[in-house]
Amino acid sequence: MDHAPTRAARRTAGGLARTFRYLYRVPLLLLHLLLPLPLTLLCLAPPLSRIAWGPETLGDRAVRAWSAGLLWIFGFRLRRFGTPLPGATLFVANHVSWIDIETLHSQRMMGFVAKREIAGWPLVGWLAAQGQTIFHHRGSTDSLQDVLGQMVERLRQGRSVGVFPEGRTRGGEEVGPFHARIFLAAVEAQVPVQPVALRYGDRGDAQTLVAFGPRESFLANFLRLLGERPRAAEVHFLAPIPPGGVDGRRRIADLARERIVAAMES
């Protein structure tokens, strides 16, 4: 007799496991929003935001703790390789999904450059605004000039900025070309660029699962990931590119992408 489970049985088992995960993760998520979130926002407001805590501020620590907690609720188990640079740095990473921002924020406080549509996303849009996000209207030259100006100002103030130079998510199947213009901010502010590779699952085997599906909305992706089984979230902080170490923003963009692709394939 063949005791192998039928396709219907496997589907039922998967559905039961997902239902069970929703049963305990939804209350945890609500609790995370009702208790730690207000405390995090309080720590981001003056005067608490300026209290030093080692090389960071109380506000930075609060954001990192809240983001790590959110990832844990979603079943992501963080693994960090390398060390994020201290001080003003332009962090550049491959882009898979909205979860990338929380993954990076769990390791280092940085103000992100993100598409303006994110500002309208439930919860995440509001949180992004509180987390120093610079919103960019894609396709607008005036908007890009304003974004670059804000990036340079923040970097010169000693704060870090995070960007996704691909400009959009690509289904998790590959790392797309990097737009060079966004690297102009690092050149003008004379700060280092640190590439960061983000991998989900075992050696990145869950990239396409974490990414947005065809025509999948933010809310649909959010709810789907909330029911997924636990898996790794790897953050690889790679060798930085020092200011003046490479001539030209195009070469900096290509070198940053090369290092990320190499880490993804290792």
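Residues numbered from 1 in each chain as written. Predicted model: local features only at pLDDT ≥ 70, side-chain atom pairs only at ≥ 80, totals over all residues. Heavy atoms only, no water.

## Focus on helix α3 (residues 58-73)
For step 1, the next point in the chain: Given a rise of 1.5 Å per residue, 16 residues ought to cover 22 Å, and the 23 Å separating the end C-alpha atoms of α3 matches this to within 8%.
For step 2, the next point in the chain: Of all 16 residues that make up α3, twelve are buried, and the element is covered over most of its length.
For step 3, the next point in the chain: All buried positions along α3 are accounted for by L58, G59, D60, A62, V63, R64, W66, S67, G69, L70, L71 and I73.
For step 4, the next point in the chain: Looking one or two residues past α3, G75 carries a phi angle of roughly 90°, positive in sign. (Helix = DSSP H or I, 4+ residues; strand = E, 2+ residues; numbered from the N terminus. Expected span 1.5 Å × (residues − 1). Buried < 20%, exposed > 50% of the residue type's maximum accessible area, 1.4 Å probe, protein only.)

## A short note on the pattern of salt bridges
For step 1, the next point in the chain: Tallied over the full model, the rule gives ten salt bridges.
For step 2, the next point in the chain: Of the charged contacts in the structure, one is a salt bridge between R231 and E228, with a shortest N-O distance of 3.5 Å.
For step 3, the next point in the chain: Since its relative accessible area comes to 12%, E228 is described here as buried.
For step 4, the next point in the chain: Note that E258 and R251 form a salt bridge whose closest N and O atoms lie 3.4 Å from each other.
For step 5, the next point in the chain: Of the residues examined, R251 reaches a relative accessible area of 37% and is grouped as partly exposed.
For step 6, the next point in the chain: When salt bridges with common partners are traced through the structure, they connect R18, E228 and R231 into a single cluster. (Salt bridge = Lys/Arg side-chain N within 4 Å of Asp/Glu carboxyl O.)

## So, the pairing of strand β9 (residues 231-237)
For step 1, the next point in the chain: A large share of β9 lies buried, amounting to seven of its seven residues.
For step 2, the next point in the chain: Across five bridges, strand β8 (residues 193-200) lies against β9 in antiparallel orientation. From the neighbouring strand, Y200 faces β9, where its bridge partner is A233. (Pairing = 2+ DSSP bridges.)

## Observations concerning the nonpolar core
Nonpolar side chains in soluble globular proteins tend to be buried together.
For step 1, the next point in the chain: L90, M151, V163, F183 and V193 are the most contacted members of the largest nonpolar core, which totals 35 residues.
For step 2, the next point in the chain: Among the secondary structure elements, those contributing two or more residues to this core are β4 (90-93), α6 (141-156), β7 (161-163), α7 (184-189), β8 and α10 (249-265).
For step 3, the next point in the chain: Ignoring any residue separated from it by four or fewer positions in sequence, one finds M151 in contact with L90, V113, I134, V161, V163, I182 and A185.
For step 4, the next point in the chain: Core analysis: the next-biggest nonpolar cluster, separate from the first, contains 32 residues, L37, F74, F164 and A211 among them. (Core = buried A, V, L, I, M, F, W, Y, C linked by side-chain atoms within 4.5 Å. Contact = heavy atoms within 4.5 Å.)

## Quick notes on the sheet that holds strand β3 (residues 76-81)
For step 1, the next point in the chain: Strand order across the open sheet formed by seven strands is β3-β9-β8-β4-β7-β5-β6, with mixed pairing between neighbours. Bordering the open sheet on either side are β3 and β6 (134-136), each of which pairs with just one other strand. Recorded for the sheet is a direction-independent mean angle of 25° between the axes of neighbouring strands.
For step 2, the next point in the chain: Across six bridges, β3 lies against β9 in parallel orientation. (Axes fitted to C-alpha atoms, helices over the stretch in contact; angles between N-to-C directions.)

## What to know about the side chain of T89
For step 1, the next point in the chain: Considering the arrangement of structural elements, one finds T89 in the loop between β3 and β4.
For step 2, the next point in the chain: If near-sequence neighbours (up to four positions away) are discounted, T89 is found in contact with R108, L155, R159, S160, V161, P192 and Q194.

## A short note on the packing of aromatic side chains
For step 1, the next point in the chain: The tally for this structure, following the rule as stated, stands at nine aromatic pairs.
For step 2, the next point in the chain: Here the aromatic rings of F74 and F222 are separated by 5.0 Å at their centres, their planes lie at 80°, and the arrangement is edge-to-face. Taken together, the residues span a long stretch of sequence, with F74 in the loop between α3 and β3 and F222 in helix α9 (residues 218-226) at a distance of 148 residues. Residue F74 shares its accessibility class with F222, and that shared class is buried. (Phe/Tyr/Trp six-rings, centres within 6.5 Å; stacked < 30°, edge-to-face > 60°.)

## Some thoughts on the environment of E56
For step 1, the next point in the chain: You can see E56 is positioned in strand β2 (residues 56-57).
For step 2, the next point in the chain: What makes E56 buried here is its relative accessible area of 15%.
For step 3, the next point in the chain: Put simply, E56 and R108 are 52 residues apart on the chain and 9.2 Å apart in space, counted from C-alpha to C-alpha.
For step 4, the next point in the chain: Ignoring sequence-local partners within four residues, the contact set of E56 consists of I51, R61 and R64.
For step 5, the next point in the chain: Among the polar contacts listed, one links the side chain of E56 to the side chain of R61, at a separation of 2.8 Å. (Polar contact = N/O pair within 3.5 Å; in protein donor to acceptor, adjacent residues only side chain to side chain.)

Nothing here speaks to function; it is all geometry.
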